[in-house]
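For reference, the chains in residue letters:
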Amino acid sequence: MPMQSLPQKLYTKNNPFMIQKSICSALNNNEFHLMMQPIIELKVKGKCVEGECLVRWNSPLLGTVSPELFITIAEKSGLIIPLGNWIIENACRELASFIARGGDSEFNLHINISPVQLQQYDFAKELLDNIKKFGLKGCNICVEITEKTMIQKVEVVLINLNLLREEGVIISLDDFGSGYSGLSYLHTFPFDQLKLDRLFISDLLINPRSNSIVTSIISLSESLKIPLVAEGVEDKQTGDRLRDIGCKLAQGYYFGCPKLFNDWKV
Ligand code: C2E
Ligand code: CA
Ligand code: CA
């Protein structure tokens, strides 16, 4: 996690309520913006047909606040609902404008969704309404969820996921391998994609255990016919190794850092 400025430290350690208040005013003052990081095909010389949308917050008071910090506070306070709605609406708007500028009309934009959002009865409807409003198709959007999503109100979560899937929205299991029960979730829900946590990718070249784990997960994804994205690829050698052991999709600083949507060439 990046070093925090003094006001950030004070607010988080002593007074998280202030961060909450700042999120409220940040929403009203347009302090959030979205970035996109490419997900590339390893075999087709870096062809990019998918990307992950990542939220950023530049607060005039706190400076740049890490998403891990403010998303956690937003989840605990319930503010993730208005913030999540803002993210969904603006992600759809950015994608529609990317396609209107000549981007691939089949481009698939990944949006990170918190468990709290998926526990709302009207979540799927809200997302589908936005997809329609911006003239997109269900298959233009991928919902990234983590294992934490399947812990509470599982029935509501599954209703939402199934409604989205029926409309062609892709459902991806993020940070796969980092928790305790990833495998059991593969049993609970027919995920369309897995994103392999960067924990296993960072030392793939030097740690034989990571190499064995990644190789096994690639073969698991093949036999289940669920595409796998390797996250956190930071150098060419790791990208080459992943391609050689059969991984088809990857994401990481080596292939492209998160950038404003407008800065992506179409
Ligand atoms: P995540 O969903 O696992 O997102 C990937 C994180 O890895 C991003 O950090 C991205 O910038 C970073 N990353 C990408 N490539 C590399 C690499 O090669 N090396 C390393 N070390 N890191 C890489 P970021 O943007 O700081 O986001 C952190 C987390 O905050 C995300 O993890 C996600 O859990 C959450 N988050 C970010 N944006 C959103 C959002 O719009 N909504 C929600 N609910 N959560 C979000
Ligand atoms: Ca993600
Ligand atoms: Ca991830």
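A quick note: this is a predicted structure, and the numbers were derived from the prediction, not measured.

Asks: Which residues make up the coordination of the calcium ion (ligand 3), and what values do they have?
Replies: Those protein atoms acting as donors to the calcium ion (ligand 3) are Asp174 (OD), Asp175 (OD), Glu231 (OE) and Glu231 (OE), and they sit at 2.3 to 2.5 Å. Positions of the donor residues of the calcium ion (ligand 3), expressed as sequence spacing, correspond to D-D-x55-E. Taken as an interatomic distance, the gap from the calcium ion (ligand 3) to the calcium ion (ligand 2) is 3.9 Å; aspartate 174 donates to each of them.

Asks: How would you summarise the coordination of the calcium ion (ligand 2) if you had to cite specific residues and measurements?
Replies: All of the protein donors around the calcium ion (ligand 2) are Glu52 (OE), Asn112 (OD1), Glu144 (OE) and Asp174 (OD); their distances to the metal are 2.1 to 2.3 Å. Read from N- to C-terminus, the donor residues coordinating the calcium ion (ligand 2) fall into the pattern E-x59-N-x31-E-x29-D. Classification of glutamate 52 as buried rests on a relative accessible area of 5%.

Asks: Describe the side chain of threonine 146, with residues and values.
Replies: On the secondary structure map, threonine 146 appears in the loop between strand S5 (141-145) and helix H7 (154-166). Leaving out residues up to four positions away in the same chain, threonine 146 has contacts with Leu173, Asp174 and Asp175.

Asks: Before we move on, can you summarise helix H10 (residues 208-224) with the specific residues and values?
Replies: Look at H10: 24 Å from first C-alpha to last across 17 residues, which is about the 24 Å you get at 1.5 Å a residue. What H10 keeps buried is the set Ser210, Val214, Ile217, Ile218 and Ser221. For H10, the arc enclosing every buried residue in end-on projection is 105 degrees, short of the 170-degree limit, so these residues lie on one face. With respect to the buried face of H10, the exposed residues turned more than 90 degrees away are Pro208, Arg209 and Ser223. Buried-residue contacts for H10 involve strand S6 (170-176), strand S7 (193-196), helix H9 (198-201), strand S8 (228-230) and helix H11 (236-244). Of the residues trailing H10, lysine 225 is marked for its positive phi of about 60 degrees.

Procedures and definitions
- Residues numbered from 1 in each chain as written.
- Chains lettered and ligands numbered in written order.
- Predicted model: local features only at pLDDT ≥ 70, side-chain atom pairs only at ≥ 80, totals over all residues.
- Heavy atoms only, no water.
- Donors = N, O, S within 2.8 Å, 3.2 Å for Na, K, Ca; no water.
- Buried < 20%, exposed > 50% of the residue type's maximum accessible area, 1.4 Å probe, protein only.
- Helix = DSSP H or I, 4+ residues; strand = E, 2+ residues; numbered from the N terminus.
- Contact = heavy atoms within 4.5 Å.
- Expected span 1.5 Å × (residues − 1).
- Arc of directions from axis to C-beta.

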